[in-house]
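# Breakdown of the fold
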Amino acid sequence: MKKLLIVLAFAGVCMSSMAQDADPTLKYSVATNSFWSNWFIQANANWSAFYSNEEHGANLPVSPIKSFRATPNFSVAVGKWFTPGIGLRTKFYGIWGRQVQPEEVKHAYKYWNIEEQVLLNVSNILCGYNPNRVWNVSLFGGAGVDRNWDIHAYAMSYSLGLMNQFRLCDRVALNLELGWLYKEHDADGIYGQMPTTTAIYWENHDQQLYAELGLTFNLGKTGWEKTPDVDAIKALSQAQIDALNAQLADANAENARLKNLLANQKPAPAETQIVKEYACPATSVFFNINKWNIASKKDLVNVKSMAEFAKENDVNLLVKGYADSATGTPAINQTLSEKRAETVANELVKMGVSRDNIKTEAHGGVADLSPVSYNRRATVEVVK
């Protein structure tokens, strides 16, 4: 008996160490689930071997895996995972037991057993949560009550075991479970001998070893969602600040150009001319990587202001398209910058600007701005 238990424990350790490791990139924190999420039910076919306390001192075979101890059974369970690593289940076992007496005669009786068990998903605890892992290994332990129908008596019981689950799909998994039920000495209806000073304590209790095969059906919402990534949120906020800085840099460059233009302006002829100058610098419109659809329509607010000025004063607008040089080939970036410039030009036409008053340029891949994503843009400026 001791050898069998040692082998069972060793097999559990080996199976746990052989469980599939999750990709380290999938190790992330998960949010707690709602009450109705991650419930499951199980149905299993069960083979059990009963080792009765009255066998002690009768010189019967020590191994419980003998035909006069064995019988088929079944089990059903309902449970819930509260985290990827911790769950609870209520499990029902039944219904045919064996009394084993010294003469090695099968004495059948009927019983049922209900256990409340704690589940520890070793694969998720040690290797990180992975919703696509094929093989999950869980340890369980619990306590409950055993009911002998033949004598209408109850007995306390305790359980330990190892549950292997093989994912078939999001809703269904195949179970292979090994377990041990440790019951009071009169669970089978026969009071065994009291222990002596040399007796092993567990031999004076009724025990049940089992192996079972079945299915797990997941109910309600399954899986776990990531917790908010604070670092990613901070990075997004910083990206927005960087975008404003990029537009400010464009504005400063345009102001410097206008100052230089005024400083080098030749004196006006005798005839007075009124020249209206557009005060807003070049405006940027940003795009996502490898795209020529405008990322945010908010970028068109300043573009619309330029369009109104161009219509009122019959001036030309220059649209320059860019791509970032860090990604893509020169040929791809050139095509991408052409399409981005054309996209913005089409928006200006929708705003009422004549296509004859719009010029476009494509500058391919550049590295003018940092971070690199801000080079994925098109600019609009007023030209004479």
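Note that the structure is predicted; figures quoted are calculated from it, not measured.

In this chain, Gly94 is followed by Ile95 through a cis amide linkage whose omega measures 15 degrees. Within the element layout of this structure, Ile95 appears in strand β3 (residues 86-100). In the segment running from Ser370 into Pro371, the intervening peptide bond is cis, with an omega of 0 degrees. Structurally, Pro371 can be placed in the loop between β11 (358-366) and β12 (377-383). The backbone of Asn38 shows a phi angle near 60 degrees, a positive value even though the residue is not glycine. Mapped onto the elements, Asn38 comes out in the loop between α1 (2-18) and β1 (39-51).

Let us now look at the packing of aromatic side chains. How two aromatic rings sit relative to each other is given by the distance of their centres and the angle of their planes. What the rule picks out here adds up to 12 aromatic pairs. Residues Phe35 and Trp39 carry aromatic rings whose centres are separated by 5.6 Å and whose planes lie at 70 degrees to one another, so their mutual orientation is edge-to-face. Judged by its relative accessible area of 51%, Phe35 is exposed. Between Trp112 and Tyr154, the aromatic rings sit 6.3 Å apart at their centres with planes inclined by 70 degrees, giving edge-to-face as the arrangement. Within this pair, whereas Trp112 is found in strand β4 (residues 106-121), its partner Tyr154 is found in strand β6 (residues 153-167), the two being separated by 42 residues in sequence. Here the aromatic residues Phe35, Trp36 and Trp39 are joined through ring pairs into a cluster of three or more. Here the guanidinium or amino end of Lys80 rests over the ring plane of Phe82, the centre of that ring lying 5.4 Å away. The ring of Trp292 is capped by Lys339, whose NZ or CZ atom sits 4.0 Å from the centre of that ring.

The rules we used
Residues numbered from 1 in each chain as written. Predicted model: local features only at pLDDT ≥ 70, side-chain atom pairs only at ≥ 80, totals over all residues. Heavy atoms only, no water. Helix = DSSP H or I, 4+ residues; strand = E, 2+ residues; numbered from the N terminus. Phe/Tyr/Trp six-rings, centres within 6.5 Å; stacked < 30°, edge-to-face > 60°. Buried < 20%, exposed > 50% of the residue type's maximum accessible area, 1.4 Å probe, protein only. Lys NZ or Arg CZ within 6 Å of the ring centre and 35° of its normal.

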